[in-house]
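Residue-level listing of the chains:
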Amino acid sequence: MTANESGRDRHSGAAEPAAVLPEASAQLEELERLQQALAEAEERAKSHREQYLRAVAELDNVRKRAQRDIEAANRYGLEKFASELLPVKDSLELAVQNAARADASSLREGQEATLQLLARALEKLGVSVIDPLGEPFDPERHEAMMTRESGTAEPNSVLEVVQPGYELNGRLLRPARVVVASEPARA
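Residues numbered from 1 in each chain as written. Predicted model: local features only at pLDDT ≥ 70, side-chain atom pairs only at ≥ 80, totals over all residues. Heavy atoms only, no water.

## Looking at the overall build of the protein chain
Reasoning step 1: Looking only at helices and strands, the protein chain has 3 helices and 6 strands in total.
Reasoning step 2: Sequence-ordered secondary structure for the protein chain, helices as α and strands as β, is α-α-α-β-β-β-β-β-β.
Reasoning step 3: In the protein chain, the share of contacts with a sequence separation of at least 24, taken over all contacts with a separation of at least 6, comes to 62%. (Helix = DSSP H or I, 4+ residues; strand = E, 2+ residues; numbered from the N terminus. Contact = heavy atoms within 4.5 Å.)

What follows is the structure, encoded as structure tokens:
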């Protein structure tokens with residue numbers, strides 16, 4: 001290699017770094033931009049994680065509060081029921097205390113009044129009587145005790161109520177026990 005060639009190599013070697021510098025500068029700027037974007041993304045992820053953890057904690061608090069409310073409703077739900085039935089109990093106790101001194105008609109009047117008290121208390125609690133007399137027999141709401149031939153009633157209709165049924169706010173508590181009409185036997 002001649003001196004001239006080695007000088008050219010040095011000169012061309014010096015020119016090369018100058019050409020690389022603008023490219024390296026652009027890469028450094030891109031790297032800084034990416035690092036900044038990464039830092040912002042990490043900050044957003046941290047913020048979202050904190051929001052998520054707060055939402056999970058809030059959901060857990062709502063679940064615990066709802067559970068406490070359910071437990072309180074179960075514990076104190078019968079309070080209204082009991083307070084409605086206490087006057088009925090008082091009336092029955094009064095009847096027992098005075099049974100020896102009362103005549104039959106007074107006892108009957110007391111029993112009727114007590115039954116009315118009980119009926120009003122049950123009504124306030126949402127209990128209603130199922131009285132299906134004359135209605136078509138419904139196996140979901142009625143319990144057939146027997147069938148009886150009838151020339152006047154529609155076949156498969158309730159001819160007689162043996163024991164009334166009850167509903168609580170539209171939900172069946174006890175089906176009505178009934179006698180169901182059937183067609184008269186043909187001779």
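## Side note on the sheet that holds strand 3 (residues 158-163)
Reasoning step 1: Strand order in this open sheet of 3 strands is 2-6-3, and the pairing throughout is mixed. The outermost strands of the open sheet, each flanked by one partner alone, are strand 2 (142-149) and strand 3. Taken over all neighbouring pairs, the strand axes of this sheet differ in orientation by 25° on average, direction set aside.
Reasoning step 2: Alignment of strand 3 against strand 6 (residues 176-182), held across 4 bridges, turns out to be antiparallel. Residue pairing for strand 6: E160 is matched across the bridge by V179. (Pairing = 2+ DSSP bridges. Axes fitted to C-alpha atoms, helices over the stretch in contact; angles between N-to-C directions.)

## A word on the side chain of H142
Reasoning step 1: Among the secondary structure elements, H142 is positioned in strand 2.
Reasoning step 2: The exposure class assigned to H142 is buried, which follows from its relative accessible area of 4%.
Reasoning step 3: Contact partners of H142, with chain neighbours within four places excluded, come to I130, P132, E135, P136, F137, V158, P175, A176 and V178. (Buried < 20%, exposed > 50% of the residue type's maximum accessible area, 1.4 Å probe, protein only.)

## Let's talk about unusual backbone geometry
Reasoning step 1: A positive phi angle, close to 70°, is found at N156, a residue other than glycine.
Reasoning step 2: On the secondary structure map, N156 appears in the loop between strand 2 and strand 3.
Reasoning step 3: By relative accessible area, which is 45% here, N156 ends up partly exposed.
Reasoning step 4: Even without glycine at this site, N169 takes up a positive phi of about 50°.

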